[in-house]
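Commentary on secondary and tertiary structure
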Amino acid sequence: MGMTITEKILAKAAGREKVSPGENIWMNVDVLMTHDVCGPPTIGIWKREFGESAKIWDKEKFVIFPDHYIFTQNSHANRNVEILREFAKEYQIDNYYDVGTERYKGVCHLALAEEGYNVPGRVLFGTDSHTCTSGAFGMFATGVGNTDAAFILGTGRIWEKVPESLKFTFNGTLPPYLTAKDLILQILGDITTDGATYRAMEFDGEAVFDLSMNERMTLTNMAIEAGGMNGIIKADQKTIDYVRERTQSPYEIFESDNDAEYLNKYEYDVSKLEPIVAKPHSPDNRDIVRNVAGTKLTKCYIGSCTGGKLSDFQFAAPIIFGAEVKVPTFVVPASTEVAKQLEIETYKGISLKEIFENAGCMIGQSSCAACLGGPDDTFGRAQDKDIVISTTNRNFPGRMGSKQSEVYLASPLTVAASAINGFITDPRDYI
Amino acid sequence: MESRITGKAYVLGNNIDTDQIIPAEHLVYSLSDEEESKKYGHFALSSVPVNEAGLPNGGIPFIEGENWQAEYRIIIGGSNFGCGSSREHAPFALQKAGVKAIVAESYARIFYRNSVDGGFLIPYESTQKLNNVIKTGDEVEIDLENNSITNLTDGKEYQLKELGEVLPIVEAGGVFNYARASGMIS
Ligand code: SF4
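Reference entry: report on the structure contained in this document. (Residues numbered from 1 in each chain as written. Chains lettered and ligands numbered in written order. Predicted model: local features only at pLDDT ≥ 70, side-chain atom pairs only at ≥ 80, totals over all residues. Heavy atoms only, no water.)

The subject of this paragraph is the site of the ligand. All names here are of chain A. All residues adjacent to the ligand are H68, V107, H109, D128, H130, S304, C305, C368, C371, L372, N393 and R399. Taken together, the residues that form the shell around the ligand break down as five nonpolar, five polar and two charged. Composition of the shell around the ligand by domain shows at least three residues from each of domain 1 (5–249 + 260–267) and domain 2 (275–429). (Near = heavy atom within 4 Å. Nonpolar A, V, L, I, M, F, W, Y, C, P; charged D, E, K, R; others polar. Domains from an automatic or database assignment.)

All right, on to empty space enclosed by the protein then. Within the structure shown, the criterion is met by three cavities of 30 Å³ or more. The calculated volume of the largest cavity comes to roughly 210 Å³. Shared between two domains, the lining of the largest cavity takes at least three residues from each, and those domains are domain 1 (5–249 + 260–267) and domain 2 (275–429) of chain A. Each pocket or cavity is described by its volume, and for the second largest cavity that value is around 140 Å³. The biggest single contributor to the lining of the second largest cavity is helix α4 (residues 109–117) of chain B, with three residues. The residue makeup of the lining of the second largest cavity, split by class, is seven nonpolar, eight polar and three charged. (1 Å grid on protein atoms, 1.4 Å probe; cavity = no way out; pocket = protein on both sides within 12 Å on 5 of 7 lines; lining within 4 Å. Points joined across faces, edges and corners; volume = space filled by probe spheres on them. Helix = DSSP H or I, 4+ residues; strand = E, 2+ residues; numbered from the N terminus.)

Contacts between the two partners involve 46 residues from chain A and, on the opposite side, 45 residues from chain B. Together chain A and chain B conceal approximately 3600 Å² of surface at their shared face, both sides included; 55% is due to carbon and sulfur atoms. On the chain A side of the interface with chain B, the three residues burying the most area are T147, F151 and W159 of chain A, jointly 16% of the side's total. At the boundary of chain A with chain B, the tally comes to seven salt bridges. As a salt-bridge pair, R180 of chain B and E49 of chain A come within 2.6 Å of each other at their nearest N and O atoms. The interface formed by chain A and chain B contains 22 residue pairs in polar contact (both at pLDDT 80 or more). Contributions of two or more residues to the side of chain A that touches chain B are made by β1 (24–28), α2 (39–50), α3 (75–90), β5 (140–143), α5 (146–155) and β6 (157–161) of chain A. When grouped by side-chain class, the residues that make up the side of chain A that touches chain B number 20 nonpolar, 16 polar and ten charged. (Contact = heavy atoms within 4.5 Å. Buried area = accessible area lost by both parts, 1.4 Å probe. Salt bridge = Lys/Arg side-chain N within 4 Å of Asp/Glu carboxyl O. Polar contact = N/O pair within 3.5 Å; in protein donor to acceptor, adjacent residues only side chain to side chain.)

This next bit is on unusual backbone geometry. Residue and element names in this part refer to chain A. The omega torsion of the bond from P280 to H281 falls at -5 degrees, within 30 degrees of zero and hence cis. For H281, the position within the fold is in the loop between β11 (276–278) and β12 (286–288). In the Ramachandran plot, T192 falls in the positive-phi region, its phi being about 65 degrees despite a non-glycine side chain. Topologically, T192 is positioned in the loop between α6 (180–191) and β8 (199–204). Phi angles above zero are rare outside glycine, and Y198 is one such case at about 65 degrees.

A separate point is the side chain of R87 of chain B. All names here are of chain B. Its location among the elements puts R87 in the loop between β2 (72–76) and α3 (89–96). Judged by relative accessible area, R87 falls into the buried class, the value being 2%. Engagement of the side chain of R87 in a polar contact is seen with the side chain of S85, the distance being 2.6 Å. (Buried < 20%, exposed > 50% of the residue type's maximum accessible area, 1.4 Å probe, protein only.)

Attention now moves to the packing of aromatic side chains. Inspection of every chain in the model, using the stated rule, returns 29 aromatic pairs over all chains. Between F321 of chain A and Y347 of chain A the ring centres are 5.4 Å apart and the planes differ by 80 degrees, which places this aromatic pair in the edge-to-face class. Placement of the pair is F321 of chain A in the loop between α12 (310–320) and β14 (329–332) and Y347 of chain A in strand β15 (residues 346–347), with a sequence separation of 26 residues. What links up through ring pairs into an aromatic cluster is the set Y29, Y40, F43, F92 and F120 of chain B. For R246 of chain A, the ring lying beneath its charged end belongs to Y242 of chain A, and the centroid distance is 3.7 Å. (Phe/Tyr/Trp six-rings, centres within 6.5 Å; stacked < 30°, edge-to-face > 60°. Lys NZ or Arg CZ within 6 Å of the ring centre and 35° of its normal.)

Another point: the pattern of salt bridges. Applying the stated criterion across every chain yields a total of 43 salt bridges over all chains. Across the pair K38 of chain B and E35 of chain B runs a salt bridge, and its minimum N-O distance is 3.1 Å. Taken together, the shared-partner salt bridges in this structure form one network comprising K105, E114, E115, E245, R246 and E337 of chain A.

Next up on the list: the pairing of β2 of chain B. The side chains of a regular strand alternate, first on one face of the sheet and then on the other. Within β2 of chain B, four of the five residues are buried, which leaves it mostly tucked inside the rest of the structure. Regarding topology, α3 of chain B serves as the crossover connection from β2 of chain B to the parallel strand β3 (residues 101–104) of chain B, and that connection is right-handed. (Right-handed = clockwise from strand over helix to strand, strands pointing away.)

With that settled, consider helix α15 (residues 412–419) of chain A. Most of α15 of chain A is tucked away: eight of the eight residues are buried. Those residues of α15 of chain A that are buried are in contact with α10 (289–292), β13 (299–303), α12, β14, β18 (387–390) and β19 (406–410) of chain A.

Attention now goes to the sheet that holds strand β7 (residues 156–159) of chain B. Residue and element names in this part refer to chain B. Read across the open sheet, the seven strands follow the order β4-β3-β2-β1-β5-β6-β7; overall the sheet is mixed. Where the open sheet ends on each side, the last strands, each with one partner, are β4 (122–125) and β7. Taking each pair of neighbouring strands and ignoring which way they run, the sheet shows an average axis angle of 30 degrees. The pairing of strand β6 (residues 148–151) with β7 spans four bridges and is classified as antiparallel. Opposite S148, over in β7, you have Q159 as the bridge partner. (Pairing = 2+ DSSP bridges. Axes fitted to C-alpha atoms, helices over the stretch in contact; angles between N-to-C directions.)

Residue and element names in this part refer to chain A. The strand order across the open sheet formed by seven strands is β12-β11-β19-β18-β13-β14-β17, and the pairing between neighbours is mixed. Unpaired on one side and paired on the other, β12 and β17 (362–363) mark the two borders of the sheet. Of the pairings in the sheet, the one linking β11 to β12 comprises three bridges and is antiparallel in character. Directly across from V277, in β12, lies its bridge partner D287. Its contacts with the sheet place α6 against β11, β12, β18 and β19, and it is angled at close to 55 degrees to β11. Each of β13, β14, β18 and β19 touches α15; the most contacted strand, β13, lies at about 145 degrees to it.

These figures come from the coordinates and say nothing about function on their own.
As structure tokens, this is what we get:
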């Protein structure tokens, strides 16, 4: 019996020939990532457990991105960043990307890709559930809590249960009115928010390999919304090109054997799919956009590790071009690199940034911003009974701020079309 | 590890995500400062929609007024308990509020790991749906040796799934104690 790509990477990390789903294995970690919300408690546990002489197992492999609660007056939130800063100084952590410096990056999952930490064949653990995003690079990436992270920080090792794998194949050519966000929302509606719990989600098919690295990250990013341990896409030439622009680190390409075992396989013909939304209050509350078209909105939001990448703004800009948004529309480039690209990339000779500004969008600073609500003064936060359409990944009650608010999740195309009308709009009306 | 956990049950529905367990805006407090960390107990389960808070009827706040501890020791949940963000603040907040164990049909992976590896509370899986037969406020007892839960108000007993491979970590009180006991770290 063959092995899946996930099993092969885990076997390598455990120093074994073969692993099987259900087995608990101890494995070596290649990269550990943390941020301002979970970094301070992780460091606290690490110091408590390893004592005064606590040592970081490998400084090169430990990365810290402050990104969650950054541009706020909240003193507790600012204290968290202060703790990270002090820690990075005391332990001389080179891979610390401090706020207020040239090095500041923004949202960790995109930053990992941009800074060359995502390399095929690697094992990445992060104190954030969307760490699964990095699986777009043909590597094993998953989220853990602070205790597990503290354990890794001191030992470079952790236990994990080898997951069963699910395979999602997208055949055909993606029509211009669909994006990776529609594909993953389609899956979520099919398998629900616990359909992949403790499982690997492998994405395959020509429509997947046609996607840019940015779009592939949208697919793997939301594996966790189905409960998935990891999402994964085999590395190809696009992956290698992206990685080589950023790092010379050696990579190893794994792929699933033909006779690998899957718990379930799903196949889609992308030409038959429609633009999708997830209605309040769950990412699996799927509907087609046409069915909710006309729903009045009070806010639109384009941002986060799911929907704040350059590709997302490239989708949104042509629709917004020359129009005016009818409701407050918040644009948050996930990383500072994306923010710079918004000034450089153009559509019909005008920079994307100008297109959004001219349409009346508000552009925020790179960070997680209102994707997870955050302190009261967070940019774009849902207030009172706001009805929001957003390119983010979660719409649980209160996720974007107010508990009374209602959030629809959709592709950047759908959000852009909705923004210029003030109500939910099918992007096909503009494409 | 004690062999029995007894106390009042607080009953919840499916898909209780970590934002409902501890809303994101409260993640800024220190977890190690004794006084400040009480806030986690105070805000535990504060974002559960009112009609789902304390089933079957809802409308029962988990924490009363300004308290930071609940009168409940055991949470009865449905499926996919603890889904959403990876915050370890979630099992911590429940532990702080006085919860010793959860009995749910299934768990999200990260919440489950956090509960076990951090030694915060015991995440038991039930073998049947329990949130429609146990009511908020019922006095219940978990028997850890026989993997069962009894509703003391009506005497009915239900089987729980064995903890299996994570049992030694639960017994040790978390992954660090476990690793120390097995000589993996000093
Ligand atoms: S952008 Fe949202 S989902 Fe992504 S890391 Fe930040 S808070 Fe999490």
